[in-house]
Amino acid sequence: MLLKAFTDAILPLPQKEWEAFAALWQPYNCKRKTVLTAAGETERYLYFVIDGVQRSFYVEESGKEATMVFTYAPSFSGVADSFLTQTPSLYFFETLTASTFLRTTYGQLQQLMQRHPLVQSMVLKATAFALKGVLQRQIDIQCYTAEEKFKALLKRSPHLLQIIPHKYLAQYVGMDAATFSKLMNSVPI
């Protein structure tokens, strides 16, 4: 039901297409801090998050991490660019908490989209919304002060402060943990 409500908000599918789409998904559970996709691997699955929190992150040669995105219920998840292009990922995808997913393979989704253009339209629309979010985040990172970045995070997703370790949130908004901590203590939440 969670998957249906989520996809209906993107593009409601007629019953036949919905049943075909729903049939693709298999349950998958994993423990906290499980790396589902490593940098250099090609993402094989599209995930739908039922429960838990995940992150995609990049690791520089020096070992410094940059958190790119968080996912949590209800949302699609995985390394989207690697999945859609079937090229090696630049990022790691890991669970921050024990997580419950539905997942499907690239091949299964591709075959379904070829048979059902409305499913392809729904996937394209979901991808467009994800791209819109990434572009907005680029504006935040490149144009905003640390305080403005923090306030933008609070405005968009205040619940993240309760479910994601602050060190990862600091990485996500592009600031060091000390600055993030100072803002936590000085900016009204």
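Per-chain numbering applies: the sequence of each chain, read as written, is numbered from 1 onward. pLDDT decides what is reported in this predicted model: residues at 70 or higher carry local features, side-chain atom pairs at 80 or more are listed and counted, and totals for whole chains, interfaces and linings draw on all residues regardless. With hydrogens and water stripped out, all remaining heavy atoms of the structure feed into the side-chain values.

**Thoughts on the sheet that holds strand 4 (residues 53–59)**
Rules: Pairing between strands requires that DSSP locate at least two bridges from one strand to the other. Each helix corresponds to a stretch of at least 4 residues labelled H or I by DSSP, and each strand to a stretch of at least 2 residues labelled E; elements are numbered beginning at the N terminus. Axis geometry follows a simple rule: fit a line to the C-alpha atoms, using only the stretch in contact for helices, then measure angles between N-to-C directions, giving values from 0 to 180 degrees. Contact definition: two residues touch when any of their heavy atoms are within 4.5 Å.
The four strands are arranged 2-7-4-5 in an open sheet whose pairing can be described as antiparallel. Of all strands in the sheet, those with a lone pairing partner are strand 2 (35–37) and strand 5 (65–72), marking the two edges. Sheet twist, expressed as the average angle between the axes of neighbouring strands with direction ignored, equals 30°. Here strand 4 runs beside strand 7 (residues 92–95); their pairing, made up of four bridges, is antiparallel. When the bridges of strand 7 are listed, Phe57 appears paired with Phe92. Helix-sheet contacts for helix 8 (residues 166–173) involve strand 4, strand 5 and strand 7, and the interaxial angle to strand 5 is about 110°.

**A short note on helix 2 (residues 15–22)**
Heads up, the condition is: Exposure categories follow from relative accessible area, calculated using a 1.4 Å probe and restricted to protein chains: below 20% of the type maximum is buried, above 50% is exposed, and the middle band is partly exposed. What the arc covers is the set of directions going from the helix axis to the C-beta atoms.
Considered for burial, the residues of helix 2 that qualify are Glu17, Trp18 and Phe21. For helix 2, the buried positions fall inside an angular range of 100° around the axis, keeping them on one side. Those residues of helix 2 that are buried lie in contact with helix 1 (2–10), strand 6 (75–77), helix 4 (106–115) and helix 5 (117–143).

**Re the pattern of salt bridges**
What counts here: By definition, a salt bridge exists where a carboxyl oxygen of Asp or Glu is found within 4 Å of a side-chain nitrogen of Lys or Arg.
In total, this model carries six salt bridges according to the counting rule given. Between Glu94 and Lys33 there is a salt bridge whose closest N-O contact spans 3.3 Å. Here Glu94, found in strand 7, pairs with Lys33, found in the loop between strand 1 (26–30) and strand 2; they are 61 residues apart in sequence, far enough to count as distant. Beyond isolated ion pairs, a larger network of salt bridges with shared partners links Lys33, Arg55, Glu65 and Glu94.

**Overview of a nonpolar patch on the surface**
Test applied: Within this analysis, patches are made of residues with over 30% relative accessible area and no salt bridge. Like charges are joined at 9 Å or less; nonpolar side chains (Val, Leu, Ile, Met, Phe, Trp, Tyr) at 5 Å or less. Note on areas: Shrake-Rupley with a 1.4 Å probe; residue coverage comes only from the protein chains shown.
A cluster of nonpolar residues, Tyr58, Met68, Val69 and Leu90, forms a patch on the protein surface that exposes about 320 Å² of accessible area. Relative to the assigned elements, Leu90 resides in the loop between helix 3 (80–85) and strand 7. Judged by its relative accessible area of 53%, Leu90 is exposed.

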